[in-house]
Amino acid sequence: MPAAEHVRLGRKRTLPPCPNPLFLQWLSELRDQAAEKGQKTQYVYQKAISSLKKYPLPLQNAREAKILQNFGDGICKILDEKLQRHYRENGPDAPIHSLPSGVTVAPSRRSNNNLAQPTKQPSRKEREGGRRKREYVPQKRSGGYAVLLTLYRESQVPGGKGFMFKLELQAEAQHLSDKSFSVPDLGSKYTAWSSVSTLIQKDLVLKTHNPARYSLTELGLALAERLEDGEREQEEDRRRDVREEEEGSWPGVDLTAEEDERKKRTEPIAGPDPAAYVAQRGSEVPGVHSSEKPQAAETKTRPAGGCLYPGSYDIVLCVDFIETTGGSTACKQELVKELQRNGVTFDVRKLNVGDFLWVAKERVAPVSGQLRAPPSRELVLDYIIERKRMDDLCGSIIDGRFREQKFRLKRCGLQKPIYLVEECGSAAAHLSLPETTLQQAIVNTQVVDGFFVKRVQDVKESVAYLTVMTRYLSKLYQNRTLVCRSRELEGDGQNEEECGGREREDPSCSLISFAEFNQGAVKNKCQTVREVFARQLMQISGLSGDKAVAILEHYSTLHSLLKAYEQCPSDTEREKLLSSIRYGKLKRNLGPALSRTVYQLYFPEIMFKNELKSWKRRRWVQSVLMKRRRWVQSVLMKRGLVQSVLMKRDRFSQC
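Residues numbered from 1 in each chain as written. Predicted model: local features only at pLDDT ≥ 70, side-chain atom pairs only at ≥ 80, totals over all residues. Heavy atoms only, no water.

The chain has the name Crossover junction endonuclease MUS81 in an unreviewed UniProt entry, where Oncorhynchus kisutch is given as its organism. Database annotation for the chain, UniProt heading Cofactor (unreviewed entry): "Mg(2+)". UniProt, in its Subcellular location (unreviewed entry) section for the chain, records the words "Nucleus, Nucleolus". (UniProt positions renumbered as here; feature names shortened; annotations may be inferred.)

This is the structure:
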């Protein structure tokens, strides 16, 4: 027997049947035909159907439907043609406000209420031996899977309220889903929460009240119970495998050993066993041979050769201490609380460049007899984030920090810098610079400077993006061998393409240690003559970092540039000395205008001479114009005098 229909509780009342079922049937047929052909007009018909269902009065013809929303001339013309055909077939007195015999009313396929929609009776083949529809089961670790499990666990709590609010449900279900419930993936507009509409449509989840309350229906409760059983069985299998692996790896555990030593030897490590990995790759690591036993290899707590093998490190988010102290304390404390609420492993420290980055932190076990564990090595991943609020972006553009920060991010040694821009809505309209200027600066950062720009609305969305990035990087680097390299030998290390081109069973990456990275990014460190010359050039309007680097490739110091100017025979050649230098990926020329500006910066007397010449020229032109104006005035005066004499003579002759 079919299950009894679930009674929906809430404020939403059942709407009356549509008074125009014939027009509704025709529009439904047109929508279905367009959907079968893959035409976009199906959405137009669906909007018209929604408008017609809401109209409570009967229509006498299709022309009267023009007053409804989403009804245009085309739809009204089609309905008029169908209405005339209906009159020809059934007579001029055929009713149009009731369905003909043989047609039943079925609920709409796009609505959860009891609004009537005419559909044809099922055929005999469909009634007797139709193809059974497959049951909907959400994919594991998806948004629907997480929501069903969370609601089921809430329903099993003794004395629970039996429902959950939206924010509460999202927070509890996040750890069961691989996708974020608040931030969509790159290139997509859907989040894990988008699957809730499917659950409601499938009658698995019930949504009532305002604010919305979510609970499981009888069908949803049965499906969630099966999912929970499967999750429990998988967890038991995982624990059984871990116990068998521990028993096979450590056949003789001394129960009389010290407590810390016993914990150290029996503690399971997530991912591949570093000792077994070292033993397997003994021929590649100096001092370790494949013939050694795993116990002997395990005594090496740190892999030789400056490497971190899979399973021997954790991915940790590093937050600059400026992001947690000073300024708006409440807003910055909210960032820390949101990270803790999302379960993100993070560390607050001083970063000389950027606001957020990720490090691979080596796992080290405490040594017996020592108060603290030995220091662990940290390798910086190739992702760094600079966070900017709209007011901070405006201030950095005004005082010049914006260009300098982008230049330092490019020179920090990490390959993938990210700009996280927090848009404060209407607050951006009350800043010192117009909003168009700020938007243009953001676009230039992405298009010209090659940074990835992520736009968010507030601190919560920023934390959600950091959470998603942390989980993504943890999954990306979980099976990778990380090799420590020096910034001074960046050309000899592996680049990004080599890192991604390795075989999947043994991927490897060449990264910088955190200490070397942070020391190299000091803002006010001792600078070389080349660096000072580069900063001087970047103070010129229109001279970007790429152009400064191109000039430094030809003239590494100011002395070499001045020497090249002295070798030029004329001022014209000096002004065009840098015009043919190519810069950037497109290899464009610097141009004569910028070359002339650089020349005038270091030879101001030339600029003074040019200004003097132009001033003298302007004075000469002004004097010539003045003389000409006086001559014209004198000529006009003479002509006026002659005319007056002639007029007097004519008057005298007439008398």
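Student: Please set out the environment of Ala171 residue by residue, giving values where relevant.
Tutor: Mapping Ala171 onto the fold places it in helix α6 (residues 166-173). Ala171 sits in the partly exposed class, given a relative accessible area of 48%. Separated by 171 residues in sequence, Ala171 and Asn342 have C-alpha atoms that sit 7.8 Å apart. (Helix = DSSP H or I, 4+ residues; strand = E, 2+ residues; numbered from the N terminus. Buried < 20%, exposed > 50% of the residue type's maximum accessible area, 1.4 Å probe, protein only.)

Student: Residue-level account of the packing of aromatic side chains, with values.
Tutor: On inspection of all chains with the given rule, the structure shows eight aromatic pairs. Taken together, a centroid distance of 5.7 Å and an interplanar angle of 35° make the contact between Tyr419 and Phe451 tilted. Taken together, the positions of Tyr419 in strand β10 (residues 416-422) and Phe451 in the loop between α15 (435-447) and β11 (452-456) put the pair 32 residues apart, joining distant regions of the chain. The pair Tyr419 / Phe451 is uniform in exposure class, with both members buried. Taken together, the ring pairs in this structure connect Phe181, Trp193 and Tyr214 into an aromatic cluster. Just above the ring of Tyr477 sits the side chain of Arg480; from NZ or CZ to the centre is 5.5 Å. (Phe/Tyr/Trp six-rings, centres within 6.5 Å; stacked < 30°, edge-to-face > 60°. Lys NZ or Arg CZ within 6 Å of the ring centre and 35° of its normal.)

Student: So, the nonpolar core: which residues are in play, and what are the values?
Tutor: Grouped together as the largest cluster of nonpolar side chains are 28 residues, with contacts concentrated most on Trp358, Tyr477 and Leu482. If you list the elements that add at least two residues to this core, you get β6 (313-320), α12 (329-341), β8 (356-362), β9 (378-389), β10, α16 (459-476) and β13 (508-513). When residues in this core are grouped by element, the largest group, six residues, is from α16. Here Tyr477 is in contact with Tyr313, Ile315, Leu381, Asp382, Tyr383, Leu482 and Cys509, once residues within four sequence places are set aside. (Core = buried A, V, L, I, M, F, W, Y, C linked by side-chain atoms within 4.5 Å. Contact = heavy atoms within 4.5 Å.)

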